[in-house]
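Residue strings, one per chain:
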Amino acid sequence: MDDTDDIPDLDSLRDRTVVVKLGGSAMADRQLLRTFAQDVARLHRAGVRLVVAHGGGPQINAHLEKLGLPVTFTAGLRVTTPETMDVVRMVLAGQVQRDLVGLLNENGPLAVGITGEDARLLTAAKRLAVLDGDEVDIGLVGDVTGVDTHVLRALTDGGLVPLVTGIGRGTDGQVYNINADSAAAALAAGLRADHLVILTDVPGLYADWPRRDRIVECLTVTRAAELLPALSGGMAPKLESCLRAVRAGVGRAQLLDGRVPHALLHGSFGTGHTGTSVVPDTPPTLLNTLNTLEDDTCASSPPRPPSSSVCTTSGSGS
């Protein structure tokens, strides 16, 4: 029996738009990458319009270390000097993306690699990190200020899967490193996607960190916003990205454990680990009904904030 035999009929997803952020362990393990590629191919055959945004943190770190350059993160974001930016650009667009395109295309002529610079897909502006309430300059890190989706729509209309590298150019002419989670959220918002999936290295958001016995399965936008200031490290930009996407009209944003084979299929259909979802604020009448459920899987009440400000994954994917 194939480990995806319990996946329901995919026809119900036809013509839906799904944006996936690929990063972390799912990129470091070749077998996990192959199962991810199989999931993409299966969803594509079912008529799902897929866009994949990717990171490449470990590969960037390895190259920086070879060059004797520092690897530094602040508030979950990579500190990006001009020298670091050169490495980010080269590794993400020249190495990581090429490898991923080749792997996805083992399942058919599906994937096309582009960066946020291509066709002015992503316009960026300098972003400051927030650490302990203070703004910190972290170099050439960008926040997406504009998305021109025409190239993505042309590719998906043509039956292709765009694979997007989180690099964007500002109106000042400067090229910026864009956190892959943020890039995925911006793409999902620009496309008004039905679903944003962020593959990460933990099962989801822990309800009572450092205890790991309970995952928050669902948060409304309001409760996610209340919880966000208590987070730090890599989880903060991930939850922030989910929140931004849903506020901009995306139907659902989901954090999934990318270390689980076929996480994309199983998590999307609830046949395996479903991670943590952020959804629009629920109408009060429905919310009252949900709050009576024993499992409280999508209640309006947030988990108790972590006793320390640490509820993290590893640093940013890019």
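Residues numbered from 1 in each chain as written. Predicted model: local features only at pLDDT ≥ 70, side-chain atom pairs only at ≥ 80, totals over all residues. Heavy atoms only, no water.

Enquirer: I tried to follow the packing of helix α2 (residues 30-45) against helix α4 (residues 82-104) on my own but got confused; where do I start?
Expert: For any two helices packed against each other, the geometry comes down to the angle between their axes and how far apart the axes lie. Where α2 meets α4, the closest approach of the two axes is 9 Å, and the angle between their N-to-C directions is 55 degrees. The orientation of α2 relative to α4 falls into the category oblique. For the pair α2 and α4, the sense of crossing is right-handed. Where α2 abuts α4, its residues Arg30, Leu33, Arg34, Phe36, Ala37 and Val40 lie against Leu100, Leu103 and Leu104. Residue composition of the contact of α2 with α4, grouped by class: seven nonpolar, no polar and two charged. (Axes fitted to C-alpha atoms, helices over the stretch in contact; angles between N-to-C directions. Helix = DSSP H or I, 4+ residues; strand = E, 2+ residues; numbered from the N terminus. Parallel < 35°, antiparallel > 145°, perpendicular 65-115°, else oblique. Left-handed = near helix turned anticlockwise from the far one by under 90°. Contact = heavy atoms within 4.5 Å. Nonpolar A, V, L, I, M, F, W, Y, C, P; charged D, E, K, R; others polar.)

Enquirer: Hey, could you run me through the pairing of strand β16 (residues 276-279) in this one?
Expert: For a regular strand, the rule is simple: side chains alternate between the two faces of the sheet. Neither face of β16 is exposed, since Thr276 and Val278 on one face and Ser277 and Val279 on the opposite face are all buried. In terms of strand pairing, strand β14 (residues 218-220) meets β16 through three bridges, oriented parallel. Bridging across to β16, leucine 219 finds its partner in valine 278. Strand direction decides the pairing type here: strand β15 (residues 252-257) and β16, joined by three bridges, are antiparallel. Its bridge partner being in β16, glutamine 254 is matched across the sheet by serine 277. (Buried < 20%, exposed > 50% of the residue type's maximum accessible area, 1.4 Å probe, protein only. Pairing = 2+ DSSP bridges.)

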